[in-house]
Amino acid sequence: MAGTGEAIVDCSGVGYLLQCGSRTLAKLSEGEATRLHVETHVREQAITLFGFHSEEERAWFVRLQSVQGVGPKAALAILDILSPGEILSAASLEDKTAFSRASGVGPKLATRIATELSGKPAPTGRGFQPAFTAPSGETGTESSRNEGLSDMGLRNDAVSALVNLGIGQSDALRAVAQAYASFDDDPNIDTLIRVALKELGS
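Now for a description of the structure that goes with this document. Note that the structure is a prediction, hence the values are computed from the model and not measured.

## Some remarks on the pattern of salt bridges
Okay, step 1: Using the criterion set out here, one finds three salt bridges in the structure.
Okay, step 2: Among the ionic pairs, Glu39 bridges to Arg58, the shortest N-O distance being 2.5 Å. Separated by 19 residues along the polypeptide, Glu39 in strand S3 (residues 37–42) and Arg58 in helix H2 (residues 55–64) bring together distant segments of the chain. As far as burial versus exposure is concerned, Glu39 and Arg58 are alike and both buried.
Okay, step 3: Note that Arg174 and Asp171 form a salt bridge whose closest N and O atoms lie 3.6 Å from each other. In this pair, Arg174 and Asp171 both sit in helix H8 (residues 169–181), three residues apart, roughly one turn of the helix.
Okay, step 4: Of the residues examined, Arg174 reaches a relative accessible area of 26% and is grouped as partly exposed.
Okay, step 5: Sharing partners across several salt bridges, the network here consists of Glu39, Glu55 and Arg58.

## Some points on the nonpolar core
Okay, step 1: Counting residues in each nonpolar core, the largest one holds 44 residues, and the members touching the most others are Leu64, Ile78, Phe99 and Ile113.
Okay, step 2: If near-sequence neighbours (up to four positions away) are discounted, Leu64 is found in contact with Val70, Ala75, Ile78, Leu79, Ile87, Ile113 and Leu117.
Okay, step 3: One finds Ala7, Leu18, Cys20 and Leu25 within the second-largest nonpolar core, a separate group that totals seven residues.

## A few points about the sheet that holds strand S4 (residues 47–52)
Okay, step 1: With respect to topology, four strands assemble into an open sheet ordered S1-S2-S4-S3, the strand pairing being mixed. Only two strands of the sheet have a single neighbouring strand rather than two, namely strand S1 (6–11) and S3. On average, each strand axis in the sheet is inclined to that of its neighbour by 40°, with strand direction left out of account.

## A look at the environment of Leu28
Okay, step 1: Locating Leu28 in the fold gives a position in the loop between helix H1 (22–26) and S3.
Okay, step 2: Owing to a relative accessible area of 13%, Leu28 belongs among the buried residues under this scheme.
Okay, step 3: Along the backbone, Leu28 and Val9 are 19 residues apart, and their C-alpha atoms lie at a distance of 9.8 Å.

## Points about the packing of helix H4 (residues 84–92) against H8
Working note: a packed helix pair is described by the angle between its axes plus the distance between those axes.
Okay, step 1: Packing of H4 against H8 brings their axes to within 8 Å, and their N-to-C directions diverge by 120°. Relative to H8, the element H4 lies oblique. The two elements H4 and H8 meet at a crossing, and its hand is left-handed. From H4, Leu88, Ser89 and Ser92 reach across to H8, where they touch Leu173, Arg174 and Ala177.
Okay, step 2: Across the contact of H4 with H8, the residue classes break down as three nonpolar, two polar and one charged.

The rules behind the values
Residues numbered from 1 in each chain as written. Predicted model: local features only at pLDDT ≥ 70, side-chain atom pairs only at ≥ 80, totals over all residues. Heavy atoms only, no water. Salt bridge = Lys/Arg side-chain N within 4 Å of Asp/Glu carboxyl O. Helix = DSSP H or I, 4+ residues; strand = E, 2+ residues; numbered from the N terminus. Buried < 20%, exposed > 50% of the residue type's maximum accessible area, 1.4 Å probe, protein only. Core = buried A, V, L, I, M, F, W, Y, C linked by side-chain atoms within 4.5 Å. Contact = heavy atoms within 4.5 Å. Pairing = 2+ DSSP bridges. Axes fitted to C-alpha atoms, helices over the stretch in contact; angles between N-to-C directions. Parallel < 35°, antiparallel > 145°, perpendicular 65-115°, else oblique. Left-handed = near helix turned anticlockwise from the far one by under 90°. Nonpolar A, V, L, I, M, F, W, Y, C, P; charged D, E, K, R; others polar.

Shown next as structure tokens:
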């Protein structure tokens, strides 16, 4: 690793300098194999690579920058304090306070993020999950699944189920976010849908 927010990754003998958030950097160890999902920004003066531990994080990095005033630095700061699932919940509930906790995100920008992302489903990403053998012996896909990112799939399935019942997507997203927040651990899909339906009826 080199400097704050940076990592040098050796790929077939070529070193690539990647900008990374603190969560991603914390999961990297010098000399150990890793897999990162990379977003490339091409500017007139430079090409910058941003590395993420999961495809969900990379996809949200892109989605966040669709909001006016959110650049790479602010998007990384948000991903440092909120997981992909927490970003979806904060957006669905228009929780500007959650976004304002990120470094460099003021109240006005936090409000804009919460408002513009409200009612929108989670970004689908590239859908590319190459398998590689992690140092522990489990595949990279299994590793990601075991690190709390499975909640995104659970939430998306619950939202889809509610939409199939004729509930509007925005209402479904909000109800699932409210329901999910009421659990200490990941519920099963049936329980999450049942509690979300109660939220809609309350």
